[in-house]
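Working through the structure, step by step
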Amino acid sequence: MIKLVTTDPTRIKSNLLVIAACEDINVYEHPRLVATIQQSRRLNEFSGNRGDEIILYQPAGYMTERLMIVGLGESQKLSPETFRTAIGRAVGRAMQHKLSTAAITVPGPVVSGLGFEPVLESMVEGACLANHTFARYKRDKKTAAVKQIAFVVPEKTAAKHRRVVRKAEAICSGTLMARDWVNTPANDKTPQQFAAAVVRSSEKANLKTKLLRKRELSRQKFGAILAVAAGSESDPAVLVLEHFPARAKRTIALVGKGVTFDSGGLNLKTNVRINQMKADMAGAAAVAAAMLCLSRLKPDLRVVGVIPLVENMISGTATRPGDIIRTYSGKTVEIGNTDAEGRLILGDAIAYAVKKYRPEILIDMATLTGACVIALGEELAGLFTPDDELAETILQSAVKTHERCWRMPLIEDYRDLLKSDVADINNMPRHRFGAAITAALYLSEFTAGTRWAHIDIAGPAFHKKSSAYCGPGATGFGVRLLCEVILRMAKTL
Ligand code: BES
Ligand code: MN
Ligand code: ZN
């Protein structure tokens, strides 16, 4: 729970009071805060550098149990991300000590280069995103979420900024939900189980939901989704979530890859590569969570989330390399490799979304290729689109949320690499060079001319190591990005 208070920070009774300091300027006007920071600067351990922190117990002149000062670095280099990480780390400390209450002092208009609102917003984001662990399966819980976090703001601004806090909280709770879903092991996350969990939340949120089960998928000839699911004991599904306000005239579709476990199929993955493949539904989780957020943010747009769900496994009924299938779109595909399953299910889902909902814009998000991780590393998602305007909207949203994307080229020359001698297209390119690009080109075969962007999140979706405001494992990457993109489109479409 997050609230805004206007109490004098020195009079706040809390397990922890957090204040921030730059190395070169004062960010507060409060004389006691300024004095405390100056005093601690005299100690060699603290100078206000980024990442510095110091804890004072029962500090004189305060009513808090502990006071933590976090370093923000040079004032010229401050960005919203500086505040997210600094506050994220502070909340992480509070969680390690299982503190129940924390109060965080927001700098006044001194850091006006950024504006008060973005500073407040990013501090709230850092706190919300950090205040979470995935401990459902642990008896001994080493950390605990802080029960109540108060943000201390100057009196005059409190009313005005309540909305900023509510919005940030709503969106970040979506990120946390996505993390939980992705961290859940595949044995508790079959397509049916995952769909049921999302449907339960969606119905509470008043989203329209539709679940296509296996029989319906067969009847409607989702040949690619059925082919990927053929080796699994768990049936596939397609989940459709819809935000449809009465006045909305325009439609955006979001499509998320939902492979609840990717063994590779008969082109079985090796031991290293198979390890984190429960996270191969991170695109689905991001789309589902973004839809839940949008039900609260209520943009004046129709948004449809289409989520294909399968488990890619091995058995006597599994699809074989060399098999030829007929996809939902009618195109036939030679299965050159059963491990290139993401594009297969996305192709069907994209073709379905386009045919059924005729969206003006379609964005898909997927842990699609290892090649994208090789190209861009773990911090950047690959953005693929032939549409410059759409690229610009997504790239700006990526900067705003710090869910960073890098635009990759989609050159037509490489389309030939997907040619098949026996079917309309091969899901496996002829060679492995540029594999993130050929994967995107494969998807483009199913968009039927719709304005489209593909975001490959194979790198940023799952990090073994924790960071300033994210525990180890799933990051929930994409939820905040998709929400920002949709909100921007609602303003400009
Ligand atoms: N789910 C994987 C991609 C992936 C790799 C995600 C590493 C996260 C981390 C995808 O289904 C896959 O196996 N892609 C293949 C495609 C290839 C067979 C054309 C790949 O990237 O090797
Ligand atoms: Mn695969
Ligand atoms: Zn996969």
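Residues numbered from 1 in each chain as written. Chains lettered and ligands numbered in written order. Predicted model: local features only at pLDDT ≥ 70, side-chain atom pairs only at ≥ 80, totals over all residues. Heavy atoms only, no water.

1. Brief notes about the coordination of the zinc ion (ligand 3)
Defined as follows: Here a donor is an N, O or S atom found within 2.8 Å of the metal, or within 3.2 Å if the metal is Na, K or Ca; sites may look incomplete because water is not among the atoms. All geometry calls rest on donor angles, where a four-donor set with angles between 85 and 135 degrees is tetrahedral, four- and six-donor sets with opposite donors more than 155 degrees apart and all others between 65 and 115 are square planar and octahedral, and all else is irregular. Working definition: helices are DSSP H or I runs of at least four residues, strands are E runs of at least two. Numbering for both runs from the N terminus.
In the first shell of the zinc ion (ligand 3), the protein supplies K257 (NZ), D262 (OD), D280 (OD) and E341 (OE), at 2.0 to 2.4 Å from the metal. For the zinc ion (ligand 3), the six donor atoms are set out with angles of 78 to 175° between them, so the coordination reads as octahedral. When the donor residues of the zinc ion (ligand 3) are listed from N- to C-terminus, their spacing reads K-x4-D-x17-D-x60-E. Taken as a pair, the zinc ion (ligand 3) and the manganese ion (ligand 2) show a spacing of 3.2 Å, with D262 coordinating each metal. Here the residue K257 occupies a position in the loop between β9 (251-256) and β10 (258-262), and D280 occupies one in the loop between α8 (271-274) and α9 (282-297), the gap between them amounting to 23 residues.

2. So, the site of ligand 1
Rules: When we say a residue is near a molecule or strand, we mean one of its heavy atoms is within 4 Å of it. Between N or O atoms, a polar contact is any pair within 3.5 Å; within protein, one atom must be a potential hydrogen donor and the other a potential acceptor, and residues adjacent in sequence are included only when both atoms are from side chains. Only the protein chains shown count as cover for residues, and the accessible areas themselves come from Shrake-Rupley with a 1.4 Å probe. Note on definitions: the grid is 1 Å and covers protein atoms alone; a cavity is a set of points where a 1.4 Å probe fits but cannot get out; a pocket is an open set with protein on both sides within 12 Å along at least five of seven lines; lining residues have an atom within 4 Å of a point. Those molecules having more than half of their atoms within 2 Å of a cavity or pocket grid point set are described as sitting in that cavity or pocket. As a working rule, the residues Ala, Val, Leu, Ile, Met, Phe, Trp, Tyr, Cys and Pro are called nonpolar, Asp, Glu, Lys and Arg charged, and the rest polar, with Gly in that last group.
The environment of ligand 1 is made up of 15 residues, and the closest members are K269, D280, D339, E341 and G370. A distance of 2.8 Å separates an oxygen atom of ligand 1 from a polar side-chain atom of D339. Contacts to ligand 1 include E341, whose side-chain N or O atom sits 2.9 Å from an oxygen atom. Here ligand 1, which alone exposes 520 Å², has 80% of that area covered by the protein. Because more than half of its atoms lie within 2 Å of the grid, ligand 1 is assigned to the largest pocket. A class-by-class count of the residues in the shell around ligand 1 yields four nonpolar, four polar and seven charged.

3. Let's talk about the coordination of the manganese ion (ligand 2)
Heads up, the condition is: Burial classes follow relative accessibility: with a 1.4 Å probe on protein chains only, a residue under 20% of its type's maximum area counts as buried, one over 50% as exposed, and anything between as partly exposed.
Around the manganese ion (ligand 2), the protein contributes the donor atoms D262 (OD), D339 (O), D339 (OD) and E341 (OE), which lie 2.1 to 2.2 Å from the metal centre. Coordination at the manganese ion (ligand 2) is irregular: its six donor atoms span angles of 72 to 167° at the metal. Assessed through its relative accessible area of 3%, D262 is described here as buried.

4. Quick look at the domain arrangement of the chain
To keep it simple, the criterion reads: Note that the domain bounds reflect an automated or database-derived domain assignment. Only heavy atoms enter the contact rule, under which two residues are in contact if any of them lie within 4.5 Å. Throughout, the accessible surface (probe 1.4 Å) given up by two parts as they are put together, summed over both, is called the buried area. A pairing counts as a salt bridge when a side-chain nitrogen of Lys or Arg comes within 4 Å of a carboxyl oxygen of Asp or Glu.
What the domain assignment lists for the chain is domain 1 (2-155) and domain 2 (176-492). Centre-to-centre separation of domain 1 and domain 2, based on C-alpha positions: 37 Å. On the side of domain 2, 13 residues touch domain 1, which itself brings 16 residues to the contact. Interface of domain 1 and domain 2: buried area, both sides summed, is about 1300 Å²; carbon and sulfur atoms make up 54% of it. Broken down residue by residue, the surface that domain 1 buries against domain 2 is led by L129, H132 and F134, which jointly contribute 42%. At the junction of domain 1 and domain 2, the tally comes to three salt bridges. Here R136 and D180 are joined by a salt bridge, their closest N and O atoms 3.8 Å apart. Seen at the junction of domain 1 and domain 2, the total is seven residue pairs in polar contact (both at pLDDT 80 or more). Listing elements by their share of the side of domain 1 that touches domain 2, those giving two or more residues are α2 (80-96) and α3 (116-130). Of the residues that constitute the side of domain 1 that touches domain 2, the class distribution is five nonpolar, five polar and six charged.

5. Quick notes on the nonpolar core
The criterion, for reference: Nine residue types can take part in a nonpolar core, namely buried Ala, Val, Leu, Ile, Met, Phe, Trp, Tyr and Cys, and a core is a set of them joined through side-chain atoms within 4.5 Å.
Ranked by size, the top nonpolar core spans 59 residues in total, and within it V91, I104, L120 and F151 carry the most contacts. Sorting elements by how many residues they give to this core places α3 first, with nine residues. No fewer than three residues from each of domain 1 (2-155) and domain 2 (176-492) sit in this core. L120 has contacts with L4, V106, F151, V153, H161, V164 and V165, leaving out every residue within four places of it along the chain. Grouped together as the second largest cluster of nonpolar side chains are 58 residues, A286, C293, A474 and L481 included.

6. Some details on empty space enclosed by the protein
Let me state the cut-off plainly: Grid points are joined across faces, edges and corners, and a volume is the space filled by probe spheres set on the points.
Under the counting rule described, the total for this entry stands at five cavities of 30 Å³ or more. Lining of the largest cavity is provided by R84, E121, E125, K167, A168, I171, C172, K400, T401, R480 and E484. Taken together, the elements giving at least two residues each to the lining of the largest cavity come down to α3, α4 (158-183), α12 (388-401) and α14 (479-492). For the lining of the largest cavity, the residue count by class is three nonpolar, one polar and seven charged. What lines the second largest cavity is a set of 13 residues, and nearest its centre among them are A227, V228, N312, T319 and T338. Secondary-structure elements contributing two or more residues to the lining of the second largest cavity are α7 (223-229) and α10 (341-357). Residues that form the lining of the second largest cavity fall into these classes: seven nonpolar, five polar and one charged.

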